[in-house]
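Letter by letter, the chains look like this.
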Amino acid sequence: MSITRDEVAHLARLSRLALTDAELDHFAGQLDQIIGAVARVQEVAAEGIPPMTHAVPVVNVLRDDVVAGCLTPEQALSGAPATEQGRFRVPRILAED
Amino acid sequence: MAAGGAGMARELTRLTAAEIAAAVAAGDVSAVEVAQAHLDRIVAVDPDVRAFLHVAGIGALAAAEDVDRKRAAGEPLGPLAGVPLALKDVMTTTDMPTTCGSKILDGWRPPYDATVTRRLRDAGVVILGKTNMDEFAMGSSTENSAYGPSHNPWDLTRIPGGSSGGSSAAVAAYEAPLAIGTDTGGSIRQPAAVCGIVGMKPTYGGSSRYGLVAFASSLDTPGPLARTVLDAALLHEVMSGHDPRDSTSVDAPVPPVVAAARHADVSGLRVGVVTEFSGGGYQSGVRARFTEAVELLESLGAKVVEVSCPHFSYALPAYYLIAPSECSSNLARFDAMRFGLRAGDDGTRSADEVMSLTREAGFGAEVKRRIMLGTYALSSGYYDAYYGKAQQVRTLITRDFDAAFEQVDVLVSPTTPTTAFPIGERADDPMAMYLADLFTIPSDLAGNAAISVPCGLAPEDGLPVGLQIMAPALADDRSYRVAAAVEAALQERWGGPLLAQAGELGEQAGGGR
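These lines cover the structure that appears in this document, whether it is placed above or below. Small disclaimer: the values here were computed from a predicted structure and weren't measured. (Residues numbered from 1 in each chain as written. Chains lettered and ligands numbered in written order. Predicted model: local features only at pLDDT ≥ 70, side-chain atom pairs only at ≥ 80, totals over all residues. Heavy atoms only, no water.)

All names here are of chain B. Helix length check: helix α10 (residues 284-299) (16 residues) gives 23 Å between terminal C-alpha atoms against 22 Å at 1.5 Å per residue, within 8%. Restricting attention to buried positions, one finds in α10 the residues G285, V286, R289, F290, A293, V294, L296 and L297. In this structure, the buried side of α10 is in contact with β7 (270-274), β8 (303-307), β9 (410-414), β10 (449-458), β11 (463-471) and α17 (476-494). Following α10 by one or two positions, G301 adopts a phi angle in the positive range, close to 105 degrees. (Helix = DSSP H or I, 4+ residues; strand = E, 2+ residues; numbered from the N terminus. Expected span 1.5 Å × (residues − 1). Buried < 20%, exposed > 50% of the residue type's maximum accessible area, 1.4 Å probe, protein only. Contact = heavy atoms within 4.5 Å.)

Below you can see the structure in the form of structure tokens.
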């Protein structure tokens, strides 16, 4: 299994990373090498073995349904790159065409 | 300050945490004097060591004053009250920036404290500042920090390990007696080993992840670094315990780690050496010191047997699928909207474009590699062959541990295959870097407890070697018990701590007053 430069460019788009051409060249080779190495997991006979998602099996950990403290709007907005009228200001989300 | 004062300040930075706490409680020294001595030491040596990303002098002195005031008022003090600590910059702090070693969070001031931060403050621990780390805890050398690498106090041209390398360097350089690290694939134990100090990865869920900026949520575990096993245990106890704010926090008592560190007896204990970790790939001096440590355990009355864990050789590939997969999901939150950097927002670009430009500008190479690797492993068409298979391997590794712990009480291995490598040697060779975690990863995947304790210097380079002691989940005390026995026996042989064999760091002019 090997990975092409085009596939890496696709992964970068999915990952929301505007990579430069030089980075694509560089990462394509490295990712190919890493994927080749991690593919070793496929050697293991794991038929019927359940997947493990977590070290401690825990299900539906919920707190009591009572009002508790939370961040104020000012605290929640305090690290935002841009705010407007007590809200997060974001670039346009929909395309114009 | 008079010459005697400088001498006393130096002495204060050489004390253990237990000694400092006792001296503060007895009124032999004030917490403010202790904090000032460590702040002076940071001024003197950190320009070379570069362990800290942020030093909170005013906050530290205020916290120390508070301890002194409580003592004067006769209020009860915790077991670590007045002891300085270096906090890994992945834990949120309201009064200090939290950058995770990344440009994308440059200068970010979180609106809340991590549970670990809160517990330290409540215990009267004096937080000196935030330590350097590989970006978002991805790395084994601190070279992936956007703010430059930290340096190993044993040899400033070498790496201090990672990702908690600022924390290990700070403790080894006597800038702090204690530090907090986080372990996802070895990020506490490996830096502790290469800096000649003690580092413990608690059982997963034993210490809270609330306010720990997530890398791989099913693996991330905060834990202590210290110069002695007892100090690590004291910090372990203060920082741990159930946290309702972390859904994976274990609702069980903290294992009796302090008592175990004081017990330090291995007679009759069954110790397993992992067959699969006895193969090649070690540095010769690491092998020599490890073999001696096993012989030492036998001489102390432990019964040593070889135990096979056949799937451990697949731990590294499984980890480098699981951790990047979780990272690709967790780091999606860095979207340039709610916190952190925003790049390219010129009024014409879409949110999607701004997001991609921001992440391109804000993340370093290793983070980008892992996000893409995780995105690949989770893609439809590849999921079963990569992520799914890695999760099955995780089950098999856990079963190997279960079978091993039916035969033995603890498993031992070297902590790392090599001693500290030179800065730059593996910086752009990810696969070589990943090998640093070869022996530490199985315990992360299984979520059990593991400690690294110094076991000597490799003869070929004079650099520290760590012994790893792995114990079943929630049996963290066993790791401490064995580590304390090894520490006591070796210090008797060496005539003092291993760290005393490190050369003195040059103090900068004007510092160390």
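All names here are of chain B. Per the stated rule, a full pass over the model turns up 17 aromatic pairs over all chains. Judged by centre distance (5.3 Å) and plane angle (65 degrees), the rings of Y282 and F439 are edge-to-face. Note that Y282 is positioned in the loop between β7 and α10 and F439 in the loop between α15 (430-434) and α16 (441-446), a separation of 157 residues in sequence. For the pair shown, Y282 and F439 are each scored as buried. Taken together, the ring pairs connect F277, Y282, F312, F401, F405 and F439 into an aromatic cluster. (Phe/Tyr/Trp six-rings, centres within 6.5 Å; stacked < 30°, edge-to-face > 60°.)

It is worth spelling out the interface of chain A and chain B at this point. With 54 residues of chain A in contact, the opposing surface of chain B contributes 65 residues. Between chain A and chain B, roughly 5200 Å² of surface is buried when both sides are summed, and carbon and sulfur atoms account for 65% of that area. Contact with chain B buries surface across chain A, with R16(A), V41(A) and M52(A) losing the most and accounting together for 13% of the total. Remark: the boundary between chain A and chain B carries 3 salt bridges. Among the ionic pairs, D345(B) bridges to R89(A), the shortest N-O distance being 2.9 Å. (Buried area = accessible area lost by both parts, 1.4 Å probe. Salt bridge = Lys/Arg side-chain N within 4 Å of Asp/Glu carboxyl O.)

All names here are of chain B. Turning to its location among the elements, T358 is positioned in helix α12 (residues 351-362). On the basis of relative accessibility, which here comes to 0%, the residue T358 falls in the buried class. If near-sequence neighbours (up to four positions away) are discounted, T358 is found in contact with I104, A336, L341, R342 and A343.

With that settled, the discussion passes to the pattern of salt bridges. Overall, the coordinates contain 29 salt bridges over all chains when judged by the stated rule. E23(A) is the partner of K368(B) in a salt bridge, and the nearest nitrogen-oxygen pair spans 2.7 Å. Here E23(A) lies in helix α2 (residues 21-38) and K368(B) lies in helix α13 (residues 365-377), a pairing that spans two chains. Each member of the pair, K368(B) as well as E23(A), carries the same accessibility label: buried.

So, on to the packing of helix α11 (residues 315-330) of chain B against α13(B). All names here are of chain B. One can describe the packing of α11 onto α13 by two numbers: an axis separation of 7 Å at closest approach and a directional angle of 100 degrees. One finds that α11 runs roughly perpendicular with respect to α13. Contact residues: α11 offers Y319, Y320, L321, P324, S325, C327 and S328, while α13 offers R370, I371, L373, G374, T375 and A377. Partitioned by chemical class, the residues of the contact of α11 with α13 number 8 nonpolar, 4 polar and 1 charged. (Axes fitted to C-alpha atoms, helices over the stretch in contact; angles between N-to-C directions. Parallel < 35°, antiparallel > 145°, perpendicular 65-115°, else oblique. Nonpolar A, V, L, I, M, F, W, Y, C, P; charged D, E, K, R; others polar.)

Here we take up the pairing of β11(B). Residues and elements named next belong to chain B. The buried count for β11 comes to 9 of 9 residues, which makes it a mostly enclosed element. Bridge count for β9 against β11 is 4 bridges, and the pairing is antiparallel. Its bridge partner lying in β11, S413 is registered against Q468. Where β10 lies against β11, 9 bridges are found, and the strand directions are antiparallel. When the bridges of β11 are listed, S452 appears paired with Q468. Connecting β10 to the antiparallel partner β11 that follows it, the hairpin turn spans 4 residues, and G462 within it adopts a positive phi of roughly 65 degrees. (Pairing = 2+ DSSP bridges.)

The next point concerns the environment of A56(B). Residue and element names in this part refer to chain B. Residue placement: A56 occurs in the loop between β1 (52-55) and α4 (57-72). Linking A56 and D400, residues 344 residues apart in sequence, is a C-alpha distance of 45 Å. Sequence-distant contacts of A56, that is, excluding residues within four places in its chain, are made with M96, I127, L128 and G129.

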